[in-house]
Amino acid sequence: MKAWSEDQKVLGSMITFMGDPAGDLTAALDMAMTHPGPPSVGIIGRSKRFALIIDDGVVTNVAVSEGEDDPAGDADPSATLAEAMLGALKAAA
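Residues numbered from 1 in each chain as written. Predicted model: local features only at pLDDT ≥ 70, side-chain atom pairs only at ≥ 80, totals over all residues. Heavy atoms only, no water.

S.K.: I keep staring at a nonpolar patch on the surface and nothing clicks. Help me out?
M.R.: On the surface, Ile54, Val59 and Val62 cluster together into a nonpolar patch covering about 260 Å² of accessible area. Considering the arrangement of structural elements, one finds Val62 in strand β2 (residues 58-65). Residue Val62 is classed as partly exposed on the basis of its relative accessible area of 48%. (Patch = residues over 30% accessible without salt bridge, like charges linked within 9 Å, V, L, I, M, F, W, Y side chains within 5 Å. Areas by Shrake-Rupley, 256 points an atom, 1.4 Å probe, with all protein chains shown as cover. Salt bridge = Lys/Arg side-chain N within 4 Å of Asp/Glu carboxyl O. Helix = DSSP H or I, 4+ residues; strand = E, 2+ residues; numbered from the N terminus. Buried < 20%, exposed > 50% of the residue type's maximum accessible area, 1.4 Å probe, protein only.)

S.K.: Quick question: what am I supposed to make of the layout of surface pockets here?
M.R.: What the largest pocket holds in volume is close to 1,600 Å³. Surrounding the largest pocket, 34 residues form its lining, Ile15, Thr16, Phe50, Ala51 and Leu52 being those nearest its centre. Among the secondary structure elements, those contributing two or more residues to the lining of the largest pocket are α2 (24-28), β1 (49-55), β2 and α4 (82-92). Per-class residue counts for the lining of the largest pocket are 22 nonpolar, eight polar and four charged. (1 Å grid on protein atoms, 1.4 Å probe; cavity = no way out; pocket = protein on both sides within 12 Å on 5 of 7 lines; lining within 4 Å. Points joined across faces, edges and corners; volume = space filled by probe spheres on them. Nonpolar A, V, L, I, M, F, W, Y, C, P; charged D, E, K, R; others polar.)

S.K.: Would you take a moment to explain unusual backbone geometry for this structure?
M.R.: Glycine aside, the phi torsion of most residues is negative, and most peptide linkages are trans. Not every positive phi belongs to a glycine, and Lys9 is a case in point at roughly 60°. Residue placement: Lys9 occurs in the loop between α1 (2-7) and α2. Residues other than glycine seldom take positive phi values, yet Asp56 does so here, at roughly 55°. According to the relative accessible area criterion, Asp56 is exposed, its value standing at 77%.

S.K.: For this particular structure, what's the right way to read the pattern of salt bridges?
M.R.: Where charged atoms from two side chains of opposite charge approach closely, those side chains can pair. All chains considered together, the criterion is met by three salt bridges. Asp74 serves as the salt-bridge partner of Arg46, at 3.7 Å between the closest nitrogen and oxygen. Here Arg46 is found in the loop between α3 (37-40) and β1, whereas its partner Asp74 is found in the loop between β2 and α4, with 28 residues between them in sequence. Residue Arg46 is classed as partly exposed on the basis of its relative accessible area of 29%. For Lys48, the salt bridge goes to Glu66, with nearest N and O atoms at 3.7 Å. Of the two residues, Lys48 sits in the loop between α3 and β1 while Glu66 sits in the loop between β2 and α4, which places them 18 residues apart along the sequence. The class of Glu66 is partly exposed, set by a relative accessible area of 44%.

Below, the structure is given as structure tokens:
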């Protein structure tokens, strides 16, 4: 995660990149992808495409990019991209 945050030039900023290698957080947030598509091609334990805004330990916004025929949100990830999250922050201010 450190290398990714360095690559994105956010290391040391207010943004924290966090991994979930065992899927514990994914399960607790009910963000496990349960669509049969990914396991059918060998992708096991994938999470949904989601983004959270967390303020002082409180989740204030949850965004999920998924569709009926696009469980991974690959065709339209816009709900979880930076622009959408910045919009959610501005709307809450």
